[in-house]
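Reading the structure
Listed below, chain by chain, are the residues.
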Amino acid sequence: ITVIDSRTTSLALGMVAEAAARMALTGASRERIVSYVEKLFPLTHIFFVVDTLEYLQRGGRIGGAQALVGTLLNIKPLLAVQNGRVEALERVRTRRKALDRMVAVAVQYAGKMECAYRVGVLHSRSESEADAVAQRVCEQIDCVGLRKGLIGPVLGTHVGPGLVGVVLMPVLPES
């Protein structure tokens, strides 16, 4: 057993684990799999938008005053998991603009590397928006696989209903 700090969560973690399992099924050595996974984790990203700031405030991720002002101004933060932490990338007014910006940021990130991507789209009670985001992202990047799913209950407690997120995992050579 090899313990690796993924510094990520949710669908991003699962997609990398699936890549490792595919390698194991083809007979790759533990060392080769670990090396591949250690290269893949820092290049795999999650971008997401929450519908309400209430659950971030309840979980202590933002203060009450910040949540109140954000709610009054209809602020929808564009967030990302970076180095094991949830970071605010931008604050956008209106949900529609936030989802548009998330797609743009994901496409921009994908353009930095000249490779194909496995794409994951996750949501909490926002399936139609997640489907639209998935379609838009896959139309604009080289998408070799699409995985959709619901977030789990632990993450759902912190973000609440209405989350839509995108996971980008580059397809790297396994050798």
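Just so we're clear, the structure is a prediction, and the values are computed from it rather than from any experiment.

Quick word on helix α2 (residues 30–40)
Two residues of an α-helix separated by three or four positions point the same way, owing to the 3.6 residues in each turn. All buried positions along α2 are accounted for by I33, V34, Y36, V37 and L40. Mapping the buried residues of α2 onto a view down its axis gives an arc of 165 degrees, with all of them on the same face. Buried residues belonging to α2 abut α1 (10–25) and β6 (164–170).

Considering the pairing of β6
Regular strands show a simple pattern: their side chains alternate between the two faces of the sheet. Extensive coverage of β6 is indicated by the burial of seven of its seven residues. Residues V164, V166, L168 and P170 point to one face of β6 and G165, V167 and M169 to the other, with burial holding for every one of them. Sheet topology places strand β1 (residues 45–49) next to β6; five bridges connect them, and they run antiparallel. Among the inter-strand pairings, F48 is bridged to a residue of β6, identified as G165. In this structure, strand β4 (residues 117–123) lies alongside β6, joined through seven bridges in antiparallel fashion. Along β6, the bridge assignment pairs V119 with L168.

Regarding the packing of aromatic side chains
In the structure shown here, the tally under the stated rule is two aromatic pairs. In textbook terms, an aromatic cluster arises when at least three aromatic residues are bridged by ring pairs, as seen for F47, Y109 and Y117.

Looking at α1
Here α1 contains 16 residues, and its C-alpha end-to-end distance of 23 Å stays within 8% of the 22 Å for a straight helix at 1.5 Å per residue. Every buried residue of α1 is accounted for by L11, A12, M15, V16, A19, A20 and M23. In the core, the buried residues of α1 are packed alongside α2, β1, β4, β5 (143–150) and β6. Just past α1, the residue G27 takes up positive phi, approximately 95 degrees.

Focus on the pairing of strand β2 (residues 75–82)
Extensive coverage of β2 is indicated by the burial of seven of its eight residues. The sheet contact formed by β1 and β2 spans four bridges and is antiparallel. From the neighbouring strand, V49 faces β2, where its bridge partner is L78. In the sheet, β2 pairs with strand β3 (residues 85–93) via eight bridges, with the strands oriented antiparallel.

Basis of the calculations
- Residues numbered from 1 in each chain as written.
- Predicted model: local features only at pLDDT ≥ 70, side-chain atom pairs only at ≥ 80, totals over all residues.
- Heavy atoms only, no water.
- Buried < 20%, exposed > 50% of the residue type's maximum accessible area, 1.4 Å probe, protein only.
- Helix = DSSP H or I, 4+ residues; strand = E, 2+ residues; numbered from the N terminus.
- Arc of directions from axis to C-beta.
- Contact = heavy atoms within 4.5 Å.
- Pairing = 2+ DSSP bridges.
- Phe/Tyr/Trp six-rings, centres within 6.5 Å; stacked < 30°, edge-to-face > 60°.
- Expected span 1.5 Å × (residues − 1).

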